[in-house]
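Breakdown of the fold
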Amino acid sequence: LDSIDAPRVEHNIAGLDDGSLRSVLLAHLTGCPRDVIMPAAVGNMLREQREATLRHFPSSSYKRIAVIALGDPNDDFKTFVQAQALEDKKAQKEQRKRNKQDGRLQYDLRRKQAELGRRRKDA
């Protein structure tokens, strides 16, 4: 099944393309319980695929929770995401400003070194 939820990705690496890496990860997870998130909307909504996935996670070792979020997020979440985006933009702008200043300092240093070289040559 090829969808936005699970697009077909071809890396030309046998372990990734044939799904064997996913099988190894699932086998490993059943041996050492950890918190696991399985973000697969289509796979989780189809009963057969959901049951096949749940077989890898026994209820004795895992607390099974399914959450489906549809629609627009609430205002608190939107505000949080917008604040994070603003912080990221400010950090990127500050980094560009520092890079520009560093470039100017390097340019000035090269110019002064060239000037000193010319003075030594003339002397």
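Everything here concerns the structure above.
A short tour of the structure in this document, coming up. Keep in mind that this is a model prediction, so the values were computed, not measured.

Along the backbone of the protein chain there are 5 helices and 0 strands. Secondary structure of the protein chain in N-to-C order comes out as α-α-α-α-α. The C-alpha atoms of the protein chain give a radius of gyration of 27 Å, which is well past the 14 Å a tight globule of 123 residues would have. For the C-alpha atoms alone, the extent of the protein chain along its principal axes is close to 85 × 45 × 30 Å.

Our focus in this paragraph is the pattern of salt bridges. When the charged atoms of two side chains with opposite charge come close together, those side chains can pair. Applying the stated criterion to the full structure yields 4 salt bridges. Of the charged contacts, one joins Arg119 and Glu115 as a salt bridge, the two residues approaching to 2.7 Å between their closest N and O atoms. With Arg119 and Glu115 both in helix H5 (residues 75-122), this residue pair falls 4 residues apart, about one helical turn.

Estimates place the volume of the second largest pocket at around 790 Å³. As for the second largest pocket, its lining consists of 23 residues, and the residues nearest its centre are Met38, Asn44, Ile65, Ala66 and Val67. For the lining of the second largest pocket, the secondary-structure elements that each account for two or more residues are helix H3 (41-45) and helix H4 (47-54). Considering only residue class, the lining of the second largest pocket consists of 16 nonpolar, 2 polar and 5 charged.

On the surface, a nonpolar cluster with roughly 350 Å² of combined accessible area is contributed by Ile13, Leu16, Leu21 and Leu25. Note that Leu21 resides in helix H2 (residues 20-31).

What follows deals with the environment of Ser20. Within the fold, Ser20 resides in helix H2. Looking at Ser20, the relative accessible area reads 30%, which means it is partly exposed. Discounting residues that sit within four places of it in the chain, Ser20 has contacts with Ala14 and Gly15.

Reading the values: the criteria
Residues numbered from 1 in each chain as written. Predicted model: local features only at pLDDT ≥ 70, side-chain atom pairs only at ≥ 80, totals over all residues. Heavy atoms only, no water. Helix = DSSP H or I, 4+ residues; strand = E, 2+ residues; numbered from the N terminus. Rg over C-alpha atoms; globule rule 2.2 N^0.38 Å. Salt bridge = Lys/Arg side-chain N within 4 Å of Asp/Glu carboxyl O. 1 Å grid on protein atoms, 1.4 Å probe; cavity = no way out; pocket = protein on both sides within 12 Å on 5 of 7 lines; lining within 4 Å. Points joined across faces, edges and corners; volume = space filled by probe spheres on them. Nonpolar A, V, L, I, M, F, W, Y, C, P; charged D, E, K, R; others polar. Patch = residues over 30% accessible without salt bridge, like charges linked within 9 Å, V, L, I, M, F, W, Y side chains within 5 Å. Areas by Shrake-Rupley, 256 points an atom, 1.4 Å probe, with all protein chains shown as cover. Buried < 20%, exposed > 50% of the residue type's maximum accessible area, 1.4 Å probe, protein only. Contact = heavy atoms within 4.5 Å.

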